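If you want the building blocks of each chain, they are given just below.
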Amino acid sequence: MNLADSEIILGLLDKKGYDLTDDMSTADVILVNTCSVREHAEQRVYSRLGEFKSVKRKKPEIIVGVLGCMAERLRSNLTDKKAQGVGQIVDVIVGPDEYRKLPTLLSQSWHGEKGIAVQLSRVETYDDVAPLRTNGISAWISVMRGCDKFCSFCVVPLTRGRERNRSFTTIIHEVETLSERGFKEVTLLGQNVNSYQNGNHDFADLMKAVSKVDSSMRIRFTTSHPQDMSDKLIQTIAERENICKYVHLPVQSGADRILQLMDRNYNRAHYLNLIQKLRSAMPTVTLSTDIITGFPSETKEEHQQTLDLMEQVRFDGAFTFKYSPRENTPSFRMKDDVPEDIKTKRINEIIELQNVIASEKNAQHVGQTFTILIEGESKKSSDEMHGRTDGNKMVIVPCGSYNVGDFIDVTITRTNSATLFGTVQQHLTAEVA
Ligand code: SAM
Ligand code: SF4
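Conventions we followed
- Residues numbered from 1 in each chain as written.
- Chains lettered and ligands numbered in written order.
- Predicted model: local features only at pLDDT ≥ 70, side-chain atom pairs only at ≥ 80, totals over all residues.
- Heavy atoms only, no water.
- Helix = DSSP H or I, 4+ residues; strand = E, 2+ residues; numbered from the N terminus.
- Rg over C-alpha atoms; globule rule 2.2 N^0.38 Å.
- Buried < 20%, exposed > 50% of the residue type's maximum accessible area, 1.4 Å probe, protein only.
- Contact = heavy atoms within 4.5 Å.
- Areas by Shrake-Rupley, 256 points an atom, 1.4 Å probe, with all protein chains shown as cover.
- Lys, Arg positive; Asp, Glu negative; His and termini not counted.
- Charge placed at Lys NZ, Arg CZ, Asp CG, Glu CD.
- Expected span 1.5 Å × (residues − 1).
- Arc of directions from axis to C-beta.
- Pairing = 2+ DSSP bridges.
- Axes fitted to C-alpha atoms, helices over the stretch in contact; angles between N-to-C directions.
- Polar contact = N/O pair within 3.5 Å; in protein donor to acceptor, adjacent residues only side chain to side chain.
- Core = buried A, V, L, I, M, F, W, Y, C linked by side-chain atoms within 4.5 Å.
- Near = heavy atom within 4 Å.
- Nonpolar A, V, L, I, M, F, W, Y, C, P; charged D, E, K, R; others polar.

## Topic: the overall build of the protein chain
1) Next: If you tally the helices and strands in the protein chain, you get 12 helices and 19 strands.
2) Next: For the protein chain, the C-alpha radius of gyration of 22 Å lies close to 22 Å, the compact-globule estimate for 433 residues.
3) Next: Structurally, the protein chain occupies a C-alpha span of about 60 × 55 × 50 Å along its principal axes.
4) Next: When each of the 433 residues of the protein chain is scored for burial, the buried share is 52%.
5) Next: Contacts in the protein chain between residues at least 24 apart in sequence constitute 72% of all its contacts with a sequence separation of at least 6.
6) Next: As displayed, the protein chain offers around 19,600 Å² of accessible surface, 49% of which is attributable to carbon and sulfur atoms.
7) Next: Within the protein chain, one finds 54 positive and 58 negative side-chain charges whose respective centroids are separated by 3 Å.

## Concerning helix α10 (residues 268-281)
1) Next: For α10, with 14 residues, the first-to-last C-alpha span of 20 Å sits near the 20 Å given by 1.5 Å per residue.
2) Next: Taken together, the buried positions of α10 are Arg 268, Tyr 271, Leu 272, Leu 274, Ile 275 and Leu 278. Around the axis of α10, the buried residues are gathered within 155 degrees of arc, so they sit on the same side. Seen from the open side of α10, the exposed residues pointing more than 90 degrees away from its buried face are Ala 269, Gln 276 and Ser 280.
3) Next: Each element contacted by the buried residues of α10 is listed here: α8 (231-239), β12 (246-248), α9 (256-261), β13 (286-293) and α11 (300-313).

## Here we look at unusual backbone geometry
1) Next: Across the junction of Thr 222 and Thr 223, the peptide omega takes the value 5 degrees, indicating a cis bond.
2) Next: In this fold, Thr 223 is placed in the loop between β11 (218-222) and α8.
3) Next: Residues other than glycine seldom take positive phi values, yet Gln 252 does so here, at roughly 70 degrees.
4) Next: Within the secondary structure, Gln 252 is located in the loop between β12 and α9.
5) Next: Judged by its relative accessible area of 6%, Gln 252 falls in the buried class.

## Examining the sheet that holds strand β4 (residues 115-117)
Strand pairs in the sheet, formed through backbone hydrogen bonds, run parallel or antiparallel to each other.
1) Next: Strand order in the open sheet formed by 4 strands is β1-β2-β3-β4, with parallel pairing between adjacent strands. Strands at the two margins of the open sheet, each flanked by one partner only, are β1 (29-34) and β4. Strand-to-strand twist of the sheet, defined as the mean angle between neighbouring strand axes without regard to direction, takes the value 15 degrees.
2) Next: Inspection of the sheet shows strand β3 (residues 92-94) paired to β4 by 3 bridges, in the parallel sense. Of the residues in β4, the one forming a bridge with Val 94 is Ala 117.
3) Next: This element, helix α1 (residues 2-15), spans β1 and β2 (63-68) of the sheet and lies at about 150 degrees to β1.
4) Next: Here helix α2 (residues 39-58) sits on the sheet in contact with β1 and β2, set at roughly 175 degrees to β1.

## Focus on the pairing of β11
1) Next: Counting buried residues in β11 gives 4 out of 5 residues, a clear majority hidden from the surface.
2) Next: Pairing geometry for strand β8 (residues 185-189) and β11, over 5 bridges, is parallel. Directly across from Thr 187, in β11, lies its bridge partner Arg 220.

## Digging into the side chain of Arg 326
1) Next: On the secondary structure map, Arg 326 appears in the loop between β14 (317-322) and α12 (340-363).
2) Next: Given a relative accessible area of 3%, Arg 326 falls into the buried group.
3) Next: At a separation of 3.4 Å, a polar atom in the side chain of Arg 326 contacts the side chain of Glu 42.
4) Next: With residues up to four places along the chain from it excluded, the contact list for Arg 326 reads Ser 36, Val 37, Arg 38, Glu 39, Glu 42, Arg 73, Phe 153, Val 155 and Phe 332.

## Let's talk about the nonpolar core
1) Next: In this structure, Val 143, Phe 203 and Leu 206 are the most contacted members of the largest nonpolar core, which totals 60 residues.
2) Next: Other than its neighbours up to four places away in sequence, Val 143 contacts Asn 165, Arg 166, Ile 171, Leu 188, Leu 189, Val 193, Tyr 196, Phe 203 and Leu 206.

## Remarks on the site of ligand 1
1) Next: The environment of ligand 1 is made up of 16 residues, and the closest members are Gln 191, Pro 250, Gln 252, Asp 290 and Ser 324.
2) Next: Taking Gln 252, its side chain carries an N or O atom lying 2.7 Å from an oxygen atom of ligand 1.
3) Next: One nitrogen or oxygen atom from the side chain of Asp 290 is found 2.6 Å from an oxygen atom belonging to ligand 1.
4) Next: Summarising the interface, the protein chains cover 90% of the accessible area of ligand 1, which totals 570 Å² for the free molecule.
5) Next: Of all the elements in the fold, those that place two or more residues in the shell around ligand 1 are β13 and β14.
6) Next: For the shell around ligand 1, a count of residues per class yields 7 nonpolar, 4 polar and 5 charged.

## Let's talk about the site of ligand 2
1) Next: Cys 147, Lys 149, Phe 150, Cys 151, Phe 153, Cys 154, Val 156, Pro 157, Gln 191, His 225 and Arg 264 make up every residue found near ligand 2.
2) Next: Residue composition of the shell around ligand 2, by class: 7 nonpolar, 2 polar and 2 charged.

## Regarding the sheet that holds β11
1) Next: Strand order in the open sheet made by the 3 strands is β5-β8-β11, with parallel pairing throughout. Every interior strand has two partners, whereas the edge strands, β5 (138-142) and β11, have only one. On average, each strand axis in the sheet is inclined to that of its neighbour by 20 degrees, with strand direction left out of account.

## Some points on the environment of Pro 330
1) Next: Among the structural elements, Pro 330 can be located in the loop between β14 and α12.
2) Next: As a C-alpha pair, Pro 330 and Glu 375 span 45 residues in sequence and 41 Å in three-dimensional space.

Fair warning: the whole summary comes from geometry, so function is off the table for now.
What follows is the structure in structure tokens.
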């Protein structure tokens, strides 16, 4: 979501003549787009801002801006000189619904004025802003902003505001443009894409229409809330060949009492039923989830129920988080009573189990052939490239006569818990098999 927002911000600044630089020493403006979901994310921003102190000492006229959720949440605290020593270096603070004001605030900053814009909006979707995309293969498209779910642990409805949807027509138009420009993959984004509604069109209608724009383009989406995952959407994913058979469905906990305290509005049985529906519609679907461990009052037995659910579902991947109390959320009033060492023990058990499951599932792919979209050079070796399967699994292949953006057929030769390794069978250029 932040990557997509950064591209919107770059789109707005590009129009005013700003250029992007990879070299901080040449920058006139440094903008940090921030996340507030957990305290850890905020601490990282503070230490990053600390690093900019020496930059500002050498070049006092440089403008430093903090954008996004942390700007929304901490507002003037960020310019307060006491705020972890970074107050004196922050010039501009802009929340997620005020990016249009950024060019004006930057020009005022050139004249020494600090600027803050943190109003949330019920209508802003940046529908008319062309994002400046720096990757020419895969594009993020925000189809909605904000969230109305108010899960008790989550700061998002407070920092990103209420749910609003972009227009069906402009999203389709954006996908058409991306197809003409040679993009190979789009991911429709929202905190809870399943509740997308524009006129008579729901999210399943949107996915179907987007998938019809260019049958050689891969279509992905994230994130789905289990309460709103409709049969119609499951059917649409199953029927449309170029909609990737990969679903990220955050469960958060395997214990009903905890799900209720989290205000998630579904129980374990509902979640397992959804998994069963997804698998019967698409036997090869890959599934990932989010899990929070150590939510207030979570017992050892409830933690065990989460592990049991993981064994039952056998996710292909999981993003795991220790519960982090967030000011002004409903669960902030609950006592954060699971001690840190127990949270660590529980998260380690979850990660270990997930690694075992993912290793076993990946090992079953040895000998199978997948079409992968080449994304770039492997991080570990310049002799290798990496790409992804339709099911979002990372595959490493030796370099060959193919380039970033090509689809190639690969037979898997070995695997570990995070990655598949393979040999190339066929170079398909721009076709989705
Ligand atoms: N909208 C998505 C959903 O409901 O599934 C999730 C968006 S949230 C930004 C991403 C993940 O961060 C959540 O699924 C949750 O696991 C985690 N998260 C959110 N608030 C958290 C908190 N206070 N402590 C720990 N993890 C948190
Ligand atoms: Fe946060 Fe819940 Fe909304 Fe996801 S659905 S963004 S967890 S409030």
